[in-house]
Amino acid sequence: MDCCGGTTEHDEDCGEVQVKDSIDAKTVDAAKALESENYSAGFSTTIETDFAPKGLSEETIRYISAAKNEPEWLLEWRLKAYERWLTMEEPTWAMVRYPKIDYQAYYYYAAPKAGAKYASIDDVPKEILETYEKLGIPLREAEVLLGVEGAVETAAEAREKPRVAVDAVFDSVSVATTFRAELKKAGVIFMSISEAVHEYPDLVKKYLGSVVPQSDNFFATLNSAVFSDGTFVYIPKGVRCPMELSTYFRMNAENTGQFERTLIIADEAAHVSYLEGCTAPVRDENQLHAAVVELVALDDAEIKYSTVQNWWPGDEDGNGGIFNFVTKRGDCRGDRSKISWTQVETGSAVTWKYPSCILRGDDSVGEFYSIAVTNGRQQADTGTKMIHLGKRTKSRIISKGISAGRSNNTYRGLVSVNRKADKARNFTQCDSLLIGQNCGAHTIPYVENRRADAQLEHEATTTKLSDDQLFYARQRGIPEEDAVALLVNGFVRDVLQHLPMEFAVEAQSLLKVSLEGSVG
Amino acid sequence: MTTALRDFIRNPTAAELELVARYGMQPEDARRERAFLAFAETGLPHRRMEAWKWSDFRASLKSLDRPKQAAIPDPLPHDGALVFRFTPSGFAYPKTLPSGISMLAKREVQAFSSAEDLPLGALTAALAGSDSKPATLLFEISGRDLPRLHFVFEGAGEASFSRVVFLLRPNAELVVTESHLGGVGMASALSEFTLEAGAKLTRTIYQRSGPEDAIGIASTLTLDAGAAVTQTTLAFGAKVSRLETRVVHRQPGAHLTLNAAYLAGKGFHADITSHVRHGAPECVTRQLTKGAVLDGGTGVFQGKFLVPRITGQHTDADMQHQVLLLEDGAQVFAKPELEIYADDVQCAHGNTSGALDDAQLFYLRQRGIPERQARGMLTEAFIAEALETADETVRDVMLAEAQDWLAS
């Protein structure tokens, strides 16, 4: 304990990284608060669980399909994906290194023994309710409160009382979905995808795999073969969803992979804001999470998809943690549609994730706002793809990466303008910050332009602090140094202001983050 | 040699078989073999290789043929310069060289340490040399105020491979100009520069060829303490072309300026790729690449700064790529990349692509300048910025060449 050679007062300073002066102290603290030793969601729940046979085979897939009582076409669909997956190779181009995954060492399906879906919230096992409560998602209270206040009659009334409907996914099954009846009044379908397969087979059949095809990439194909549960949302024409929808994913069982599949469809002129949260217990083994999210926005529709990803990142020596290999893609299929991704990434041992927008409809808009914070030995390779196909399509990418400890944080993004995308526009801004000397920050933008009238800009803003803004602040009597700090600190807020209110708590600690001293 | 020649490359194309045959005719040499094996690992670079996704030599170069169009006449002045001329089979050089410049034409291949990173460089190292052409041409530079060295790469033939190695002794100063003029089915040149402490190099590259040529220009630059390099390129591309520069800042305080302008017309492909490793503290890199592309033309820019842990501290590096797509049907691919492991550094990168600024155009037209002329003026000014660092003996010619292209 006397590595400083001094008194005990110095002990807490031992092992502290040297951080260069220009980096804001609060930023360092905020990053530290996200270290794995402070991981508050790391408890596990003891509950009897049913597993599929260990490993991946046709049998496992048949087991999953049977457990969910799926129609024949879906089983066929799964088996086709599995066949394809066997011929595919795991991608190695991302800037992440991890031990070879033994796909036969995982359970591909784990469900609480008491059954998958419960008729009412009262039937949900106590352990599970407690788990969600501990994570700050009181499923029961939400329903009870609704009862006390009396049901809200109209969608308009519902909008005035902001609440969140939650689909809670525990390992491989959805255990509860709140406010369903409430949403139904507005015509909104919000349920687990397993239920939707039975209740709305036509919709599922029409849209499943239409944005992320079965054979899209190695992990998406794996997901297509074994996906367990996830959320299905359909917003009918002209409806503005009366409340925030959310799914809370919890991985609990050991040696289990979670493979959820989310499908959100916003019909013409519909509007929805959807939130996603993820946590997992502290375990020594690596766990696999390979999800697929598909968004479809028709004419004039708008989807806002927010994620706070806080999977167990592994301890500071790199033991355990979630491998987060996720395919998220939105299809702006209709004219004037808009899809906006906002993500706060603080968890996972390895992240491989590129939420993308296919801007197919004329005048459609894609947005991507991201903060990725890595600590310990975390590795994140994340970014977005904006594929401009329609006329006058616009996209904006704001990405902030903060690396600390021995972590590596990579932004990888593609902006592609098709030959027919008249007057496409993109603005990309990505900044990265290193806290300490043992981490890495990388930026790999790909820009493909096939239009003379497209306007594409990629900037590292640190070099381009607006003189006008600076002048304005100084002219108001703010000293230059403070003015610079003020403006630079505004960076991260760009992203946070796009997070829904419900994530205010998570966002609170990140608000202290500034990108002062960023390297490019 | 235990491997049968045809087994060197998997599923070879006609062009690759021809390259293997050419290798088979070279004298046996362990270093040559190592270089060729490094190339044969992948064969001609193709789109499935991450670093070559936008410059597919294998697909563009099915076989090695002599192009219809002869080499372009060299626009760069030869006055006052020592001229070295490489053709597919020959090599011409001045009979006498001033003190401070010594030259050695070697029949043996010198080891090429970047073979894995530069497949076309490895191919060049393996195939350079013939009865009348050195396998490695070595220069040792130890003075200042030396005449300019001008290298011409041209001629008629199916393929030409040329390799030049420079060593600049402490505080030496050298001006090198190069004209890569085509006329060859596949012309590939490899240049390696090592600058010892305080040495200074000004290198200016002009590349132009016909629409059937494949051009590879691979270079490595290694900078010791306080060394300075200014490299300026003007490239018009070819059927497929790649100008790739790999730089290592090996000791503190080195300074690099890496500028390029590319102009790609219909059927032309111009690729400017660079990789700069800040392997020592307090080194500076300034990189500006400008491009203008017409209908049917393709521009590629790939830049990378690698800043290693600890040794790269206090790096000051800036990378800018700006390109104008002058007509519909033009395409541009860019990847300005940063890989940073040191926390106290300044690395910026910017990438813009689009059409001319309407406001600027309006301003000029409103002053009575016809639209066509206004466009020409603005594009010219845009491109000229990247050529300002060219050596003064050739700068005006380079600007005039760019102007002529834009005017036509």
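Here is what the cut-offs are and how they apply
- Residues numbered from 1 in each chain as written.
- Chains lettered and ligands numbered in written order.
- Predicted model: local features only at pLDDT ≥ 70, side-chain atom pairs only at ≥ 80, totals over all residues.
- Helix = DSSP H or I, 4+ residues; strand = E, 2+ residues; numbered from the N terminus.
- Contact = placed C-beta atoms within 7 Å.
- pLDDT = per-residue confidence, 0-100.
- Buried ≥ 20, exposed ≤ 12 C-beta atoms within 10 Å, placed from the backbone.
- Nonpolar A, V, L, I, M, F, W, Y, C, P; charged D, E, K, R; others polar.
- Pairing = 2+ DSSP bridges.
- Axes fitted to C-alpha atoms, helices over the stretch in contact; angles between N-to-C directions.
- Left-handed = near helix turned anticlockwise from the far one by under 90°.
- Core = buried A, V, L, I, M, F, W, Y, C linked by C-beta atoms within 7 Å.
- UniProt positions renumbered as here; feature names shortened; annotations may be inferred.
- Arc of directions from axis to C-beta.
- Expected span 1.5 Å × (residues − 1).

**Looking at the overall build of chain A**
A tally of regular secondary structure across chain A gives 13 helices and 24 strands. Sequence separation of 24 or more characterises 83% of the internal contacts of chain A that already satisfy a separation of 6 or more.

**Quick look at the confidence of the model for chain B**
This prediction gives chain B a mean pLDDT of 94; 99% of its residues lie at or above 70. Overall fold confidence for the complex sits at a pTM of 0.86, while the interface term, ipTM, reaches 0.88.

**Side note on the pairing of strand 12 (residues 302-309) of chain A**
Counting buried residues along strand 12 of chain A, 8 of its 8 residues qualify, which places the element largely inside the surrounding structure. Every second residue of strand 12 of chain A is oriented toward a common face, with E302, K304, S306 and V308 of chain A on one face and I303, Y305, T307 and Q309 of chain A on the other, all of them buried.

**Digging into the interface of chain B and chain A**
Listed per partner, the contact involves 33 residues of chain B and 31 residues of chain A. It is strand 16 (residues 331-340) of chain B that contributes the most residues to the side of chain B that touches chain A, 10 residues altogether. Tallied by class, residues from the side of chain B that touches chain A come to 16 nonpolar, 8 polar and 9 charged. Relative to strand 16 of chain B, strand 23 (residues 440-449) of chain A is paired through 6 bridges, and the arrangement is antiparallel. Bridging from a neighbouring strand, H442 of chain A pairs with E339 of chain B of strand 16 of chain B.

**Quick look at the packing of helix 3 (residues 72-86) of chain A against helix 10 (residues 218-226) of chain A**
Residue and element names in this part refer to chain A. It is at 7 Å that the axes of helix 3 and helix 10 come closest, and there the two elements cross at 145°. The two elements helix 3 and helix 10 meet at a crossing, and its hand is left-handed. Contacts from R78, A81, Y82, R84 and W85 of helix 3 reach helix 10 at T221, L222, S224 and A225. Among the residues making up the contact of helix 3 with helix 10, the classes are represented as 5 nonpolar, 2 polar and 2 charged.

**Section: the nonpolar core**
V233, A266, V272 and I303 of chain A together with A35 and A122 of chain B are the most contacted members of the largest nonpolar core, which totals 241 residues. In terms of residue count, the dominant contributor to this core is strand 6 (residues 173-195) of chain B (11 residues). Here A266 of chain A is in contact with I235, H271, V272, A297, L298, A301, E302 and I303 of chain A, once residues within four sequence places are set aside.

**Overview of the UniProt feature "domain: SUF system FeS cluster assembly SufBD N-terminal" (unreviewed entry) in chain A**
UniProt feature "domain: SUF system FeS cluster assembly SufBD N-terminal" (unreviewed entry): in the numbering of this structure it lies at residues 185-241 of chain A. Across residues 185-241 of chain A one finds 42% helix and 16% strand; the C-alpha atoms that close the span lie 11 Å apart.

**Considering unusual backbone geometry**
In the Ramachandran plot, R336 of chain A falls in the positive-phi region, its phi being about 55° despite a non-glycine side chain. Position of R336 of chain A among the secondary structure elements: in the loop between strand 13 (321-332) and strand 14 (338-345). Of note, the phi angle at D145 of chain B is positive, near 50°, even though the residue is not glycine. Locating D145 of chain B in the fold gives a position in the loop between strand 4 (136-141) and strand 5 (148-168).

**Looking at the environment of R375 of chain B**
Residue and element names in this part refer to chain B. Locating R375 in the fold gives a position in helix 6 (residues 371-387). Sequence separation between R375 and Q360 is 15 residues, and the spatial gap between their C-alpha atoms is 9.3 Å. Leave out the neighbours within four places in its chain, and R375 touches L356 and L361.

**Considerations on helix 2 (residues 58-67) of chain A**
All names here are of chain A. Within helix 2, burial applies to T60, I61, I64 and S65. The buried residues of helix 2 occupy an angular sector of 135° when the element is viewed end-on, so they sit on one face. Exposed and facing more than 90 degrees away from the buried side of helix 2 are E59 and A66. Elements in contact with the buried residues of helix 2: helix 3 and helix 10.

**Observations concerning helix 7 (residues 392-407) of chain B**
All names here are of chain B. Its 16 residues give helix 7 an end-to-end C-alpha distance of 23 Å, which sits within 8% of 22 Å, the value for a rise of 1.5 Å per residue. Three or more residues of helix 7 are buried, namely V394, M398 and A402. For helix 7, the angular spread of the buried residues around the axis is 80°, confining them to a single face. Away from the buried face of helix 7 by more than 90 degrees, exposed residues E392, D396, A400, D404 and A407 are located. Structurally, helix 7 contributes buried residues whose contacts are with strand 6, strand 7 (200-207), strand 9 (228-235), strand 11 (255-264) and helix 6.

**Focus: the packing of helix 2 (residues 30-40) of chain B against helix 4 (residues 119-127) of chain B**
Residue and element names in this part refer to chain B. Two elements in contact, helix 2 and helix 4, have axes whose closest approach is 8 Å; the angle formed by their N-to-C orientations is 145°. Handedness of the helix 2/helix 4 crossing: left-handed. The residues of helix 4 that touch helix 2, namely those facing R32, A35, F36, A38 and F39, are P119, A122, L123, A125 and A126. Residues of the contact of helix 2 with helix 4, tallied by class, amount to 9 nonpolar, no polar and 1 charged.

**Observations concerning the confidence of the model for chain A**
Residue and element names in this part refer to chain A. When pLDDT is averaged along chain A, the result is 79; 76% of the residues meet or exceed 70. Across residues 1-15, where pLDDT falls below 50, the model places 5 contacts with residues more than four positions away in sequence or in other chains. Considering only residues more than four positions removed or in separate chains, one finds that residues 461-465, a stretch of pLDDT under 50, has 12 contacts.

**A closer look at the environment of L223 of chain B**
All names here are of chain B. Looking at the secondary structure, you find L223 in strand 8 (residues 214-223). Given 29 C-beta atoms within a 10 Å radius, L223 is considered buried. Note: C-alpha distance between L223 and A199 (24 residues apart in sequence) is 8.5 Å. In this structure, L223 is in contact with L195, V229, H249, R250, A254 and L256, ignoring residues within four places of it in sequence.

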